Amino acid sequence: MSENTATAATPEAGDATATPQTDAVTTDAAATTDAAATQGAGDAATPATGVSKAMIADIEEAMKDVVDPELGINVVDLGLVYGVHVDDENVATLDMTLTSAACPLTDVIEDQARQALTTGPGGGLVNDIRINWVWLPPWGPDKITDEGRDQLRSLGFNV
């Protein structure tokens, strides 16, 4: 079951352990809200707890393995991922929406996201995930990436 609590990306006071940005590039506007907490959006950081934080760009890439069961397109290219925040315990909170608030497949998407982010070599990118299902702003076709539009066209959709 998903956790429906709102979270905000706020920097920890005195957090000087973040690794400086080198060659990471983040294009997601929501990910830039994480910049203050990690000294560069998408950078890995090692907080005082010794836990290595996952990079936002790596999480977004891994989320491309999560496919909307009804449309057959990944949730990133559909524009369903509104934001990503990784806390000091390396737990990712994903602000996500769905194409319809009445979608009965939230559990399927959450299971796929957990599989994509918490499993794999070395135990996965993050220790755990939380999905914050949000409905504002509402999802619309304008949120689909160019790659997502190409995928939908190849399936016969007119977008």
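As shown above, the structure is provided for reference.
Small disclaimer: the values here were computed from a predicted structure and weren't measured.

Right, let's get into the overall build of the protein. A tally of regular secondary structure across the protein gives four helices and three strands. Each helix and strand of the protein, ordered N terminal to C terminal, gives the series α-α-β-β-α-β-α. When the 159 residues of the protein are sorted by exposure, 40% land in the buried category. Summarising the internal contacts of the protein: among those between residues at least 6 apart in sequence, 61% fall at separations of at least 24.

Applying the stated criterion across every chain yields a total of six salt bridges. Two residues, Lys-53 and Asp-88, come together in a salt bridge whose shortest N-O distance is 3.8 Å. Residue Lys-53 is found in the loop between α1 (35-38) and α2 (56-62), and its partner Asp-88 is found in the loop between β1 (81-86) and β2 (91-96); the two are separated by 35 residues along the sequence. Between Asp-150 and Arg-153 there is a salt bridge whose closest N-O contact spans 3.1 Å. Residue Asp-150 and its partner Arg-153 are both found in helix α4 (residues 146-154); the two are separated by three residues, about one turn of the helix. We classify Asp-150 as partly exposed; its relative accessible area is 49%. Salt bridges here are not isolated pairs; linked through shared partners, they connect Glu-110, Arg-114 and Asp-128.

What follows covers the pairing of β1. Burial within β1 is extensive, with six of its six residues counted as buried. Looking at chain direction, β1 and β2 are connected through five bridges and run antiparallel. Paired with Val-84 across the two strands is Leu-94, which belongs to β2. Between β1 and β2, which follow one another and run antiparallel, lie four residues, and Asn-90 among them has a positive phi close to 60°.

Quick look at the environment of Pro-69 now. Along the chain, the position of Pro-69 falls in the loop between α2 and β1. Along the backbone, Pro-69 and Thr-106 are 37 residues apart, and their C-alpha atoms lie at a distance of 9.9 Å. When neighbours within four sequence positions are excluded, Pro-69 is seen to be in contact with Leu-105, Val-108, Ile-109 and Gln-112.

This part is about the environment of Gly-79. By the element assignment, Gly-79 lies in the loop between α2 and β1. Residue class for Gly-79 comes out buried when judged on its relative accessible area of 9%. A sequence separation of 64 residues divides Gly-79 from Lys-143, and the C-alpha atoms of the two residues are 4.7 Å apart. Those residues in contact with Gly-79 that sit more than four places away from it in its chain are Trp-139 and Lys-143.

Among the residues of α4, Gly-148, Arg-149 and Leu-152 are the ones counted as buried. Down the axis of α4, the sector holding all buried residues measures 100°, keeping them to one side. α4 presents Asp-146 and Ser-154 as exposed residues on the side facing more than 90 degrees away from its buried surface. At the C-terminal side of α4, Gly-156 shows a positive phi close to 100°.

Thresholds applied
- Residues numbered from 1 in each chain as written.
- Predicted model: local features only at pLDDT ≥ 70, side-chain atom pairs only at ≥ 80, totals over all residues.
- Heavy atoms only, no water.
- Helix = DSSP H or I, 4+ residues; strand = E, 2+ residues; numbered from the N terminus.
- Buried < 20%, exposed > 50% of the residue type's maximum accessible area, 1.4 Å probe, protein only.
- Contact = heavy atoms within 4.5 Å.
- Salt bridge = Lys/Arg side-chain N within 4 Å of Asp/Glu carboxyl O.
- Pairing = 2+ DSSP bridges.
- Arc of directions from axis to C-beta.

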